[in-house]
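Close look at the chain arrangement
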Amino acid sequence: MESTPHILVVDDHHDIRDLLARYLGKHGLRVTAADGGTAMRRALKTGAIDLVVLDIMMPGEDGLSLCRHLRETAGPPVILLTAMAEETERVIGLEIGADDYLTKPFNPRELLARIKAVLRRAQSLPRSRGTAVLERLRFDRWIFDAKRRELIDVQGTAIPLSAAEARLLSSFLERPGLVLSRDQLLDLTQGRAAKAFDRSIDNQVSRLRRKIEADPKNPTLIQTVRGGGYRLGAEVEPT
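I will try to describe carefully the structure that is included in this document. (Residues numbered from 1 in each chain as written. Predicted model: local features only at pLDDT ≥ 70, side-chain atom pairs only at ≥ 80, totals over all residues. Heavy atoms only, no water.)

1. Quick notes on the sheet that holds strand 1 (residues 6-10)
- Ordered by their spatial adjacency, five strands build an open sheet running 2-1-3-4-5, and the pairing between neighbours is parallel. Pairing within the sheet leaves two strands with one partner each, and these edge strands are strand 2 (30-34) and strand 5 (100-103). Averaged over all pairs of adjacent strands, the angle between their axes in this sheet comes to 20 degrees, without regard to strand direction.
- The strands that helix 2 (residues 37-46) touches are strand 1 and strand 2; relative to strand 1, the one it contacts most, it runs at about 165 degrees.
- Sitting on the sheet, helix 3 (residues 63-72) is in contact with strand 3 (51-55) and strand 4 (78-82), with an inclination near 175 degrees to strand 4. (Pairing = 2+ DSSP bridges. Helix = DSSP H or I, 4+ residues; strand = E, 2+ residues; numbered from the N terminus. Axes fitted to C-alpha atoms, helices over the stretch in contact; angles between N-to-C directions. Contact = heavy atoms within 4.5 Å.)

In structure tokens form, the structure reads like this:
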């Protein structure tokens, strides 16, 4: 298996794609270039991609919608490129699951450094136990429908989840029984670029507990591990 990280650069500007492909290739990375969503999906099917560098402003399907698709399908880490300086674009990108971002124009050396940092974090995370690509999972008295982003109880009642709640629950369901620290949960759900807001994980866990626990004040599904983080205390199976 090829050990050199494989980077997919998605940008509708040929000059930028070519520049990044040559620069990253010169510095020891394998690079595939795509001019939009269709080419991106084709590349993801034909080769193992370790990280996607994704431009936000593209005609047709923009980078934010493509990033959302990658997160919903347990795709590789994403670094967003944006020509907009407004913080709103960056916040939206992080909220839907981007791992980092750069504002154009940028120095390719900085992009290379961020790629290496995101890859190091991804390699240090606990590996999924094989449930990431499944759309419906059963745990305790619940069925989680990842595509619809909802929980279904034993009576068949559907409870909607926010995008953040769905990402957090997916992180636990993909790694049942494993203790996940707050930093690891940040990387899995928001990207380390959101590090300054790491206490938000506790708030998200609290909100999720109110939806899935029989008694949120005495949780048995998402368990607190003192000094460690959180752990899913339930078996998970496909349905």
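Next, the rest of the story.
2. Digging into helix 6 (residues 163-173)
- Counting buried residues in helix 6 gives nine out of eleven residues, a clear majority hidden from the surface.
- Within the span of helix 6, buried status applies to Glu165, Ala166, Arg167, Leu168, Leu169, Ser170, Ser171, Phe172 and Leu173. (Buried < 20%, exposed > 50% of the residue type's maximum accessible area, 1.4 Å probe, protein only.)

3. Examining the pattern of salt bridges
- If you walk through the whole model with that rule in mind, you get twelve salt bridges.
- Two residues, Glu61 and Arg41, come together in a salt bridge whose shortest N-O distance is 2.9 Å. Remark: Arg41 occurs in helix 2 and Glu61 occurs in the loop between strand 3 and helix 3; sequence separation between them is 20 residues.
- Judged by relative accessible area, which is 32%, Glu61 ranks as partly exposed.
- Arg41 gets classed as partly exposed once you look at its relative accessible area, which sits at 27%. (Salt bridge = Lys/Arg side-chain N within 4 Å of Asp/Glu carboxyl O.)

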